[in-house]
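What the coordinates show
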Amino acid sequence: MTTLIKHGGFRLSSGARLSGSVAFSAMTALSLAVTTSSVLMAQDLQSFAIVSGQSVTNTGATTITGNIAISPGISYTGSGTVTQDGAVFLADAVAVRIQNDLVTLYTFLTGRPTSAGGNLSGQNLAGMVLSPGVYNFDSSANLASNGVLTLDAGGNEDAVFILNIGSTLIAESGSEVQLINGARGGNVFYRVGSSATLGDDAKLQGQIVALTSISMNADAQVACGAALARNGSVTLIENTIQICTLTVPDLAEVAANPTLPPSQQAVAVALSEFIGTGGVLPIGLAIIAATQTPEELAISLSQLSGEVSTGLAPMGLQSMGGFLDVVMGRGQRPSVQTIAPRDEGVPAGMVPDKINAPYLPGKFNAADTSVTPQPMAFSAMLAEQTTPWNVWAAAYGSRNIIDGDSGLGVRERTSDTRGIAVGMNYALQTNLDLGVALSWNTADFALDNDAGTGTSDAIFAALRARSSTVSGYVEGAVAYGRHDLTTDRNVTIAGFDQLRGETEANHFAAHVEAGYHMGIFTPFVGLRAQSFRTDAYAETATTGVDTYALSYAAHTTHSLRSELGVDMQWAREDISGRATTLGLRAAWAHEFRNDDPALGSLVTTPALNFPASGATRDSDSLLLSASVGSTAATGLFVEGGVNMEYSQNAQDLGGSVTIGYRW
């Protein structure tokens, strides 16, 4: 049957502090929510009296208060004589998730450091009185027949007791665990490296967390705790198991800790608010809040934040930016019509009407027909359009490094992009040309200290247009991209879990720029807009379990950047008709962007949301570029350029090489 498992609500321990002295004195986690839905009751490992990897076998009248989960096995025999307040889950999604939570709990307990004087290897537990802490047995632990183990909380109801046992735990017939001075069974954990056996009429209090199996002989009891077997079976003979509730410290105090960076405080605030609204923390979070030191907790909160997700949009914007630079020939293809000096006194780079004026007949009312007007040597890209078609191919790439900020709790992020693009341009008129381009692009990023990585494989397409006159130009491009994205992050809170997220993104971009020729100088103004929208996705475990996996709703990042600068171009043509161009460009860029962070939620607890924080570049930056190009009389051309971007906390270095043919 299914009945209510009731508890008077959450108990937040008064005066609890997460300090070094309370690594074992702050009590874990939380009460069970009062609900008539067995599925809702099963949202946390703490509601399970029995978990088994293979089977549960019962003989005789057994009483169980709590849920039962079996996975990957499905065998449950003797259930007809079991009186249970709870539900049974056989190899379904709930059972799988609960097993994952059990793996996390087992691994976390295994990693807890032994307290000073806590190595009890070779000693019998009978007659011992233990204070709160972590105790270790290199191999087996034994509680002798009719012996008593006493756990003394010293008046602290939040005290935690952890017994890490290398192999077997045997509680012989008639043995007993007694709790005194405020000790609570929900705060006691026996982590067993193989199997646990409770003899006839043995009475334990606490959670038995065994790697293999648990056997309970006739009339044995777990009066306040659970029998949790990861890989093996649970065997029952007329037993009693009753779950206990746990408590968490007041995480509002943690969130208010001024030594925590804002990114970690945001996670602590989210956890505190979740509890305050009646939420039930999963055991993987409750146990760290109860047992970790402030230093350990800071690391855990940082890993929980999902910082790796914040690298996707900047990586995508960087990739599209490199493609647009190639499409528009920024820093490579001259934007000013320049000429090569043919005679002494002819200044290079002046616009045609001014450079030709001294050579026209009638200068100063003197008809001088002996002077022949000098032909202009236009730059390779803007010569007279006797060859209106051109095709080109380019390779491009860039590296961006954004500094981390320990005060904010964000890490340095390095991202690299690489791409190949092809395109075609056609001149409708001598001053108007149109173009189309396609690109394949791959990119990746990494957070400092191996905290996470991400990748992108993208296809881009763009249309461009340019209108140029003797006095200036206007050009623009629109582009679309589709990204396949992945993230990987490592969580070491309980062992090693590698979590991967996979999603896709739609990417729209546009760039418009206008300039006015002033000799070799062309002041220009530009505006670039991008919209990067990721689909909803959830992380899965590629190594370990998904206890700390996060899910994300669809999210859009907007970028709007203005540019104000000057372009300088020089060109020279030799007697063979080969034209060489050199260019420099400098600009100030200002970024207007949407910094609203994406909200991550635990896959196992969708109602628990917290913002992800990552490194962001400063709004103002300096853009610099240099280029060189060469066009042969046959129409073959080669161009290359280097682009640099500097801000107070970020550096970007990129480049491209383009080859093409005009006809």
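Position numbers for residues start from 1 in each chain and track the written sequence from start to end. Only residues with pLDDT of 70 or above have their local features reported here, since the model is predicted, and side-chain atom pairs are shown and tallied only from 80 upward, although totals for entire chains, interfaces and linings are computed over all residues. Side-chain metrics rest on all non-hydrogen atoms present in the structure, leaving aside hydrogens and water.

1. So, the state of the cysteines
Let me state the cut-off plainly: In this description, the term disulfide denotes a pair of cysteine sulfurs within 2.5 Å. A helix here means a DSSP run of H or I that spans at least four residues, while a strand means a run of E at least two residues long, and both kinds are numbered starting from the N terminus. Summary of the burial criterion: residues with accessible area below 20% of their type's maximum are buried, those above 50% are exposed, and those between are partly exposed, where the area comes from a 1.4 Å probe applied to protein chains only.
Taken as a whole and judged by the stated rule, the model has one disulfide. Through a disulfide, Cys 224 is tied to Cys 244; the S-S separation comes to 1.3 Å. Of the two residues, Cys 224 sits in strand β19 (residues 221–229) while Cys 244 sits in the loop between β21 (240–242) and α3 (251–255), which places them 20 residues apart along the sequence. In this structure, Cys 224 and Cys 244 share a single accessibility class: buried.

2. A closer look at the pattern of salt bridges
It is possible for side chains of opposite charge to pair when their charged atoms get near one another. Filter applied, for reference: Only one rule defines a salt bridge in this text: a Lys or Arg side-chain nitrogen within 4 Å of an Asp or Glu carboxyl oxygen.
By the definition in use, this model includes 17 salt bridges. Between Arg 411 and Glu 307 there is a salt bridge, and its shortest N-O distance comes to 2.8 Å. On the criterion of sequence distance, the pair formed by Arg 411 in the loop between β22 (389–402) and β23 (413–429) and Glu 307 in the loop between α6 (294–304) and α7 (312–328) is long-range, its members being 104 residues apart. Here Glu 563 ties to Arg 561 by a salt bridge, and the two come within 2.6 Å at their closest N and O atoms. Judged by its relative accessible area of 13%, Arg 561 falls in the buried class. When salt bridges that share partners are traced, they join Arg 561, Glu 563, Arg 617 and Glu 645 into one network.

3. Observations concerning the packing of aromatic side chains
Defined as follows: Centres within 6.5 Å make a pair out of two Phe, Tyr or Trp rings, where for Trp the six-membered ring is used; the pair is then stacked when the planes are under 30 degrees apart, edge-to-face when over 60, and tilted otherwise.
If you walk through the whole model with that rule in mind, you get seven aromatic pairs. Centroid distance Tyr 661 to Trp 663: 6.1 Å. Interplanar angle 15°. Geometry classified as stacked. Since its relative accessible area comes to 39%, Tyr 661 is described here as partly exposed. On the accessibility criterion, Trp 663 (40% relative accessible area) is partly exposed.

4. Considering the environment of Gln 303
Along the chain, the position of Gln 303 falls in helix α6. The class for Gln 303 is buried, based on a relative accessible area of 15%. Counting along the chain gives 189 residues from Gln 303 to Thr 492, while the straight-line C-alpha distance between them is 8.1 Å.

5. Quick notes on the sheet that holds strand β20 (residues 234–237)
Inclusion rule: Strands are labelled as partners when DSSP assigns at least two bridges between them. Helix axes use the C-alpha atoms of the stretch in contact, all axes being lines fitted to C-alpha atoms, and the angles between their N-to-C directions lie in the range 0 to 180 degrees.
In space, the seven strands of this open sheet follow the order β5-β2-β20-β18-β16-β13-β10, with parallel pairing throughout. Edge positions in the sheet fall to β5 (75–77) and β10 (141–143), since each of these pairs with one other strand and no more. Ignoring strand direction, the axes of neighbouring strands in this sheet form an average angle of 5°. Two elements, strand β2 (residues 55–59) and β5, share three bridges in a ladder whose sense is parallel. Within the sheet, the bridge partner assigned to Thr 57 lies in β5 and is Thr 77.

6. Here we look at empty space enclosed by the protein
Our working rule: Method remark: on a 1 Å grid restricted to protein atoms, a set of points is classed as a cavity if a 1.4 Å probe fits but cannot get out and as a pocket if it is open with protein on both sides within 12 Å along at least five of seven lines; lining residues have an atom within 4 Å of a point. Grid points are joined across faces, edges and corners, and a volume is the space filled by probe spheres set on the points. Following the grouping adopted for this structure description, the nonpolar residues are Ala, Val, Leu, Ile, Met, Phe, Trp, Tyr, Cys and Pro, the charged ones are Asp, Glu, Lys and Arg, and the polar ones are all others, Gly among them.
Across all of its chains, the model carries three cavities of 30 Å³ or more by this definition. Contributing to the lining of the largest cavity are Leu 45, Gln 46, Phe 48, Leu 105, Phe 189, Gln 207, Ala 226, Leu 228, Ile 243, Cys 244, Leu 246 and Ile 283. Considered class by class, the residues forming the lining of the largest cavity number ten nonpolar, two polar and no charged.

7. Some words on α7
For clarity, the threshold we go by: Here, expected helix span is obtained from the residue count minus one, scaled by 1.5 Å.
The end-to-end C-alpha distance of α7, which contains 17 residues, comes to 25 Å, matching closely the 24 Å that a straight helix rising 1.5 Å per residue would cover. Along α7, 16 of the 17 residues are buried, which leaves the element largely enclosed by surrounding structure. Two residues or fewer past α7, Gly 329 is found with a positive phi of approximately 65°.

8. Things to note about the nonpolar core
Side chains of nonpolar character tend, in soluble globular proteins, to be buried together. As a reminder of what qualifies: Nine residue types can take part in a nonpolar core, namely buried Ala, Val, Leu, Ile, Met, Phe, Trp, Tyr and Cys, and a core is a set of them joined through side-chain atoms within 4.5 Å. Between two residues, a contact is recorded if the distance between any of their heavy atoms is within 4.5 Å.
Formed by 69 residues in total, the largest nonpolar core has its most connected members in Leu 105, Leu 281, Leu 285, Ile 288 and Leu 301. The residues touching Leu 301, leaving out its near neighbours within four places in the chain, are Val 254, Leu 260, Gln 264, Val 267, Ala 268 and Leu 271. Ile 70, Val 82, Ala 141 and Ile 214 belong to the second largest nonpolar core, which has 46 residues in total.

9. Some words on helix α5 (residues 283–291)
Most of α5 is tucked away: nine of the nine residues are buried. Among the residues of α5, those classed as buried are Ile 283, Gly 284, Leu 285, Ala 286, Ile 287, Ile 288, Ala 289, Ala 290 and Thr 291.

10. Thoughts on the sheet that holds strand β35 (residues 605–611)
Here four strands make up an open sheet; going across it, the order is β29-β31-β34-β35 and the pairing antiparallel. The open sheet has two edge strands with one neighbour each: β29 (537–538) and β35. In this sheet, strand β31 (residues 550–552) lies alongside β29 in antiparallel orientation, the contact comprising two bridges. Within the sheet, the bridge partner assigned to Ala 538 lies in β31 and is Ser 551.

11. With respect to the confidence of the model for the protein
How we decide: As a per-residue quantity, pLDDT reports the predictor's confidence and falls between 0 and 100.
Predicted confidence across the protein gives a mean pLDDT of 84, with 84% of residues reaching 70 or more. Low pLDDT, under 50, characterises residues 331–369; the predicted model gives this stretch 99 contacts beyond four residues in sequence or across chains. Considering only residues more than four positions removed or in separate chains, one finds that residues 371–385, a stretch of pLDDT under 50, has 41 contacts.

12. Looking at the environment of Ala 427
Mapped onto the elements of the fold, Ala 427 is located in strand β23. Residue classification places Ala 427 among the buried residues on the basis of a relative accessible area of 7%. Ala 427 sits 39 residues away from Arg 466 along the chain, and the two C-alpha atoms are 9.3 Å apart.

13. So, the side chain of Ser 456
Relative to the helices and strands, Ser 456 is located in strand β25 (residues 452–468). Not counting residues up to four positions away in its chain, the partners in contact with Ser 456 are Met 315, Asn 441, Thr 442, Ala 443, His 483, Asp 484 and Leu 485.

14. Brief notes about the pairing of strand β17 (residues 203–210)
Where burial is concerned, most of β17 is hidden: six out of the eight residues are buried. The sheet contact formed by strand β15 (residues 188–192) and β17 spans four bridges and is parallel. Within the sheet, the bridge partner assigned to Val 192 lies in β17 and is Ala 210. Where β17 and β19 come together, eight bridges link them in parallel fashion. When the sheet's bridge partners are listed, Gly 206 is paired in β19 with Gly 225.

15. Here's the deal with the side chain of Glu 475
To keep things clear, this is the line we draw: Side-chain atoms alone can form a polar contact between residues adjacent in sequence; in general such a contact is a pair of N or O atoms within 3.5 Å, and within protein one must be able to donate a hydrogen while the other accepts it.
Secondary-structure assignment places Glu 475 in strand β26 (residues 472–491). A distance of 3.5 Å separates a polar atom in the side chain of Glu 475 from a polar atom in the side chain of Arg 466. Dropping the residues within four chain positions of it, Glu 475 is found in contact with Met 328, Arg 464, Ala 465, Arg 466, His 511, Val 512 and Glu 513.

16. Quick look at the packing of helix α2 (residues 93–110) against α5
How we decide: Angles below 35 degrees are treated as roughly parallel, those above 145 as roughly antiparallel, those between 65 and 115 as roughly perpendicular, and all remaining angles as oblique. We call a crossing left-handed when the near helix sits turned anticlockwise from the far one by less than a right angle, and right-handed when that turn is clockwise.
It is at 9 Å that the axes of α2 and α5 come closest, and there the two elements cross at 20°. In terms of their interaxial angle, α2 and α5 are classed as roughly parallel. The chirality of how α2 crosses α5 is right-handed. Across from Asp 101, Thr 104, Leu 105 and Phe 108 in α2, the residues of α5 making contact are Ile 283, Gly 284, Ile 287, Ile 288 and Thr 291. Taken together, the residues of the contact of α2 with α5 sort by class into five nonpolar, three polar and one charged.

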